[in-house]
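Geometric and topological summary
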Amino acid sequence: MILGIETSCDETAAALVTREGEIRSNVVSSQAELHARFGGVVPEVASRRHLELVLPVVRGALADADASFDEVESVAVTQGPGLIGALLVGLSAAKAIAWGLGLELVPVDHLAGHVASLYLDPDPLEPPFLCLLASGGHTLLLDVQAHDRYEELGGTIDDAAGEAFDKGARLLGLGYPGGAALDRLTRDGDPEAFSFPVARVPGLDFSFSGVKTALLYAVRDVGDELEERRADLAASYQRAIVAALVERTRQAAEQTGAKRIVIVGGVAANSELRAALPEAVAAPLDLCTDNAAMIASAARYRKPVPYPGYRRRGVGSGSSAKGVLGSSWVSGSSSS
Ligand code: KG4
Ligand code: ZN
């Protein structure tokens, strides 16, 4: 089995996945409540909480799978992109576990992880496909040619879609992180009540900073009536973001001749987006937001990093720990 560890933002996560792609356990401990009072993730607070949670979460993943470390042959860990301090906690834990037990160590790109959320049982998907990856940190259109290979076709030139949801939710007084709360509120609102245009930038790129400013002005304009207009504002705002995502995705599919469209990442959990792209395959809801099963899944298609402790006698074997404990492959922008 592969032990996956993910700590790139404010979720401390560990999972056990078999080489064949069966999820044996998937534990996610969200720090959202901890950061809510700050209105966003505070990197240093996140790092400290990861440090407290990472080993209990790994133990939880083993317990849920009714497994022991003896059954783990590979440790997969998010190497980036993400908050550097948060990443370092997961990386250090993964390196220590791999080195101590003489296991394989597989660094995984977080974005490749989101794509690999589609490769898991019970309904694994085979590339090629066109992938819309929309999360709190990224909004990308990817031409996925093989399990471990994709090309970027477009991306956001400012805010990510999830960021637009979160900032919009904050303007509407829905707290942090507000994407899911805003999604729920839209059920009571009229999406035609307000007109929020989304900038059309050249090529296959996205821009969401303008729509956010438009919401800011609209909230200001409704003034004391915010309470009564909140659901209408939310529904109209969501409609605009979803329309932009759908339009660009279909355009990309047309340009590349993609036979299949898939959506992954936190925003792929959005009910309107899922409904507006009925032809697309969406990642399972529990695998849209950050988790470690997707990291372990991506590791199935990646080579482990060579290091002195691997398949030796582990700690005390006399092998140098330099390659393991160094942070030379911590990266903020690698992609596969
Ligand atoms: O993939 P993810 O967990 O983290 C990153 O890699 O960034 O995505 C989190 C983002 C947040 O911005 C959150 O508000 C958004 O996904 N999100 C949603 C929904 N559920 C989560 N946005 C819109 N509708 C949802 N139902
Ligand atoms: Zn993510």
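Here's what I pulled together on the structure shown here. No experiment lies behind these values; they were computed from the predicted model shown.

So, about the coordination of the zinc ion (ligand 2). Those donors, His110 (NE2), His114 (NE2) and Asp290 (OD), are the protein atoms that reach the zinc ion (ligand 2), and they lie 2.0 to 2.1 Å from it. Each of the four donor atoms bound to the zinc ion (ligand 2) contributes to angles spanning 96 to 132°, and the resulting shape is tetrahedral. Mapping the donors of the zinc ion (ligand 2) onto the primary sequence gives the spacing H-x3-H-x175-D. Taken together, the residues span a long stretch of sequence, with histidine 110 in helix α4 (residues 110-116) and aspartate 290 in the loop between β10 (281-282) and α10 (293-299) at a distance of 180 residues. The pair histidine 110 / aspartate 290 is uniform in exposure class, with both members buried.

This brings us to the site of ligand 1. Around ligand 1, 18 residues are found, and the nearest of them are Gly136, Asp166, Asp183, Asn270 and Asp290. Within the backbone of glycine 179, one N or O atom sits 3.2 Å away from an oxygen atom of ligand 1. Here asparagine 270 contributes a side-chain N or O atom positioned 3.0 Å from a nitrogen atom of ligand 1. When ligand 1 is considered free in solution it has 550 Å² of accessible area, and contact with the protein chains removes 88% of it. At the level of secondary structure, the elements contributing two or more residues to the shell around ligand 1 comprise α4, α5 (161-171) and α6 (179-185). Per-class residue counts for the shell around ligand 1 are five nonpolar, 10 polar and three charged.

By the criterion of burial, strand β1 (residues 2-6) is predominantly enclosed, with five of the five residues buried. Residues Ile2, Gly4 and Glu6 point to one face of β1 and Leu3 and Ile5 to the other, with burial holding for every one of them. When β1 meets strand β2 (residues 11-17), the two strands line up antiparallel, connected through five bridges. Looking across to β2, one finds that leucine 3 is bridged to leucine 16. The loop that links β1 with its antiparallel partner β2 comprises four residues. Where β1 meets strand β4 (residues 74-80), four bridges bridge the pair, whose relative direction is parallel. Of the residues in β4, the one forming a bridge with isoleucine 5 is valine 77.

The rules behind the values
Residues numbered from 1 in each chain as written. Chains lettered and ligands numbered in written order. Predicted model: local features only at pLDDT ≥ 70, side-chain atom pairs only at ≥ 80, totals over all residues. Heavy atoms only, no water. Donors = N, O, S within 2.8 Å, 3.2 Å for Na, K, Ca; no water. Tetrahedral: all angles 85-135°; square planar, octahedral: opposite > 155°, others 65-115°. Helix = DSSP H or I, 4+ residues; strand = E, 2+ residues; numbered from the N terminus. Buried < 20%, exposed > 50% of the residue type's maximum accessible area, 1.4 Å probe, protein only. Near = heavy atom within 4 Å. Polar contact = N/O pair within 3.5 Å; in protein donor to acceptor, adjacent residues only side chain to side chain. Areas by Shrake-Rupley, 256 points an atom, 1.4 Å probe, with all protein chains shown as cover. Nonpolar A, V, L, I, M, F, W, Y, C, P; charged D, E, K, R; others polar. Pairing = 2+ DSSP bridges.

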